[in-house]
Amino acid sequence: MRDQQNRDIRVSQGGIYSCRGTRGNPVYYTDISDVVTIEKTISNKVVVKQQPNWPQIFRGETITLTCEVQEGGETTEWEYEWRGPSTPTQWTHNNDVTFRVSESSSGDYMCKSRRRDDSYSSTEWSEAFTLSGSNKPRATLTAGTTIIPVGGSVTLTCSVQSSDGWKYEWFRRTQRTSEVQIRDQQNRDIRVSQGGIYRCRGTRGNPVYYTDKSYEVTIEITFSNKVVVKQQPNWPQIFRGETITLTCEVQEGGETTEWEYEWRGPRTPTQWTHNNDVTFVVSESSSGDYMCKSRRRDDSYSSTEWSEAFTLSVSTDQPKAQITSHMRDIPVGGSVTLNCSVNASSSSSGWKYYWYRDEKSSEALTTQDAVFHSNGQISVSQEGLYRCRGGRGNSVYYTEDSQSVRIDKKAAPEPESSSFLTPLIVGLVCGVLLILLLLLLLCRFKQSKDSFFVRTRSTNQSSAMNHMIKDEAQHSRHASTVQGDACVYESIKDLHDTQNDDSVLYAQVSHDRAKTKKDNDDSLLYAQVYYTKAKPKRHKGKPAPAAADETVYSEVKSQTALD
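Computed from a prediction, not measured in an experiment: that's the story for all the values here.

A. Molecular detail of the overall build of the protein. Looking only at helices and strands, the protein has four helices and 45 strands in total. Burial status across the protein gives 33% buried among its 563 residues. Of all intrachain contacts in the protein linking residues separated by at least 6 positions in sequence, the fraction that spans at least 24 positions is 59%. Accessible surface, the protein: about 36,200 Å² in total, of which carbon and sulfur atoms supply 46%.

B. How the structure looks around the side chain of Thr 211. Tracing the backbone shows Thr 211 in the loop between strand S22 (209-210) and strand S23 (217-222). Within the local environment of Thr 211, its side chain forms a polar contact with the backbone nitrogen of Gly 202, the two atoms lying 2.8 Å apart. Setting aside residues up to four positions removed in sequence, Thr 211 forms contacts with Lys 136, Pro 137, Ala 139, Val 160, Trp 166, Arg 201 and Gly 202.

C. Quick peek at the sheet that holds strand S8 (residues 62-70). Taken together, the three strands give an open sheet; going across it, the order is S6-S8-S10, and neighbouring strands pair in antiparallel fashion. Looking at the sheet topology across the chains shown, the edges are occupied by strand S6 (45-51) and strand S10 (96-100). When strand polarity is set aside, the average angle formed by the axes of neighbouring strands in this sheet is 20°. For S8 and S10, the ladder comprises five bridges, and the chain directions are antiparallel. Within S10, the residue paired with Ile 63 across the bridge is Phe 99.

D. Here's a closer look at the nonpolar core. Within the largest apolar cluster, 19 residues are counted, with the highest numbers of intra-cluster contacts made by Ile 244, Leu 246, Trp 263, Phe 280 and Leu 312. At the level of secondary structure, the elements contributing two or more residues to this core comprise strand S24 (226-232), strand S26 (243-251), strand S27 (259-264), strand S28 (277-281) and strand S29 (288-296). In terms of residue count, S26 provides more of this core than any other element does, four residues in total. Apart from residues lying up to four places away in sequence, Ile 244 is in contact with Gln 231, Gln 232, Ile 238, Val 278, Thr 279, Phe 280, Val 282 and Leu 312.

E. Inspection of the pairing of strand S17 (residues 154-159) at higher detail. Sheet topology places strand S15 (residues 140-143) next to S17; four bridges connect them, and they run antiparallel. Looking at S17, one finds that Thr 140 is bridged to Ser 159. Direction of pairing for S17 relative to strand S20 (residues 189-192): antiparallel, over a ladder of four bridges. Among the inter-strand pairings, Val 154 is bridged to a residue of S20, identified as Val 192.

F. Highlighting the pattern of salt bridges. With the rule as written, the count across this model stands at 17 salt bridges. Residues Lys 293 and Glu 220 are paired through a salt bridge, measuring 3.1 Å at the closest nitrogen-oxygen approach. Taken together, the residues span a long stretch of sequence, with Lys 293 in strand S29 and Glu 220 in strand S23 at a distance of 73 residues. Of the charged contacts, one joins Glu 284 and Arg 240 as a salt bridge, the two residues approaching to 2.9 Å between their closest N and O atoms.

G. Here's a closer look at the packing of aromatic side chains. In this structure the tally under the stated criterion is nine aromatic pairs. Centre to centre, the rings of Phe 58 and Trp 166 are 6.1 Å apart; their planes meet at 50°, and the pair counts as tilted. Of the two residues, Phe 58 sits in strand S7 (residues 57-58) while Trp 166 sits in the loop between S17 and strand S18 (167-173), which places them 108 residues apart along the sequence. With respect to class, Phe 58 is no different from Trp 166; both count as buried.

H. How the structure looks around the state of the cysteines. What the rule picks out here adds up to four disulfides. One disulfide in the model links Cys 67 with Cys 111; its S-S distance is 1.9 Å. Looking down the S-S bond of the Cys 67 and Cys 111 bridge, the torsion is 85°, so its handedness is right-handed. Of this pair, Cys 67 sits in strand S8 while Cys 111 sits in strand S11 (residues 107-115), and the two are 44 residues apart along the sequence. The residues Cys 67 and Cys 111 share a single accessibility class, namely buried. Paired through a disulfide, Cys 248 and Cys 292 show a sulfur-sulfur distance of 2.0 Å. On the sign convention where negative means left-handed, the S-S torsion of about 80° between Cys 248 and Cys 292 marks this disulfide as right-handed. With Cys 248 in strand S26 and Cys 292 in strand S29, this residue pair connects regions lying 44 residues apart in the sequence.

I. Representation of the sheet that holds S15 within the structure. In spatial order, the strands read S15-S17-S20; together these three strands make up an open sheet with antiparallel pairing. The strands lining the two open edges of the sheet, one partner per strand, are S15 and S20. The average angle at which neighbouring strand axes cross in this sheet is 25°, direction not considered.

J. Fine view of a nonpolar patch on the surface. Taken together, the side chains of Ile 425, Val 429, Val 432, Leu 433, Ile 435, Leu 436, Leu 439, Leu 442 and Phe 445 present a nonpolar region at the surface, about 880 Å² in accessible area. Examined against the element boundaries, Ile 435 turns out to sit in helix H1 (residues 418-449). Classification of Ile 435 as exposed rests on a relative accessible area of 52%.

What counts as what
- Residues numbered from 1 in each chain as written.
- Predicted model: local features only at pLDDT ≥ 70, side-chain atom pairs only at ≥ 80, totals over all residues.
- Heavy atoms only, no water.
- Helix = DSSP H or I, 4+ residues; strand = E, 2+ residues; numbered from the N terminus.
- Buried < 20%, exposed > 50% of the residue type's maximum accessible area, 1.4 Å probe, protein only.
- Contact = heavy atoms within 4.5 Å.
- Areas by Shrake-Rupley, 256 points an atom, 1.4 Å probe, with all protein chains shown as cover.
- Polar contact = N/O pair within 3.5 Å; in protein donor to acceptor, adjacent residues only side chain to side chain.
- Pairing = 2+ DSSP bridges.
- Axes fitted to C-alpha atoms, helices over the stretch in contact; angles between N-to-C directions.
- Core = buried A, V, L, I, M, F, W, Y, C linked by side-chain atoms within 4.5 Å.
- Salt bridge = Lys/Arg side-chain N within 4 Å of Asp/Glu carboxyl O.
- Phe/Tyr/Trp six-rings, centres within 6.5 Å; stacked < 30°, edge-to-face > 60°.
- Disulfide = S-S within 2.5 Å.
- Patch = residues over 30% accessible without salt bridge, like charges linked within 9 Å, V, L, I, M, F, W, Y side chains within 5 Å.

This is the structure we're talking about:
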């Protein structure tokens, strides 16, 4: 450089500089020094930019880093130099670098540029651009609801976490068909009206980068068929230890369909099954709500809605039977009625009753031991200690035994003693005889009063009657050995009374044969004569006298006594 002989110089141009020393005359030259490259920094600012400019880059994606020079208005041809894990180390005419992101790609990237006609005039290094490559993402599929209402549709949404620039691909399959892509569907949200298994994935970039597919989401179509959970046996109160069956019933619309069933509840299977019922022994953990739904076997993604919840409430205390009886003594030739009931709430039903006699007996009574009625009632005629218990269900569930009740037989009354009957009979006979004696005295008195009237009116009748009595006495003597006492009645009309037919004499002859001695066979005939007077004629102005029957007793000796 001319005019520069000082030890120190200032330069403003880039280039390669060297120097040497000189002295003396003639001039002595040293060797030239090592060269030093001086570059001139120009004021243009450079920036590293990423394309695509997504905020999050995943391993496997292809990106381009560009070194941009902010020119002052004039167009300049530049060269570029890079610093970074995946960039060239030499000057290049290309202002960008493209590579596939890997784990080793992460780091800081910087660049600077220089004019192609001035290799020693360059820009400053750009600010560092930090690249962080993330692991490959998985798309996320969400559904507002997985049940398509009757005649409706549901919305499915696919997304990739914390990033943008994505398009989406949708896939659907069933249990019987392989997965296929749904064409003409690249949006983030789609609406579907078919049941099936859906997945999605995101795509972006060129060449295209794919995320992992989302997890599957099952979409079901809702049928209008209603399902109901029913309990068998349908007892309103269930006790711990009983066996029950819950059935899922589909109310079909007329056509017969083969269904599958799914349950929700403490004691039900969680997978689809061909059985529409579930049977289990009730325990405390069985209490809770049970629901079911069904679907057609030939269409796994078309199902009914969940049934209304059926609440099962389990009574933990074992019920106890209770025995009652209005009588404790069996009457002679009779029976006692016993009643058995379950000492539970009024809603407890379905019980059968088992009866036992004696504490140690485990054999239930049969129809040979008692008469069974309905509603837990029996009639027994044997004494003993009785108890009962209730049972119900196919696998019989038994209550606790009732308390025991003792039934005794009532003793038969003893017959009355003959020593008591004899004085009673004697007293009655004496009373009757006394009454007869009084009547006889009364008749004697009346006979003496009317004797004249009787003799004048019965002259002819007495002879006939005496003859009759004599004949009757003889007849009675022969018949007394067979018949004992005999009575003869004879109606005797007054022969002289031709005008008044109302006067009648009745004769009662009693034959009392003494039986104490065979040798002394005196017999008495008593003649009791009833005399009925004729009704007298009534006179004007005078009351008619009352007609009266008169009784006359006469003692007649039989022929045997006279002999």
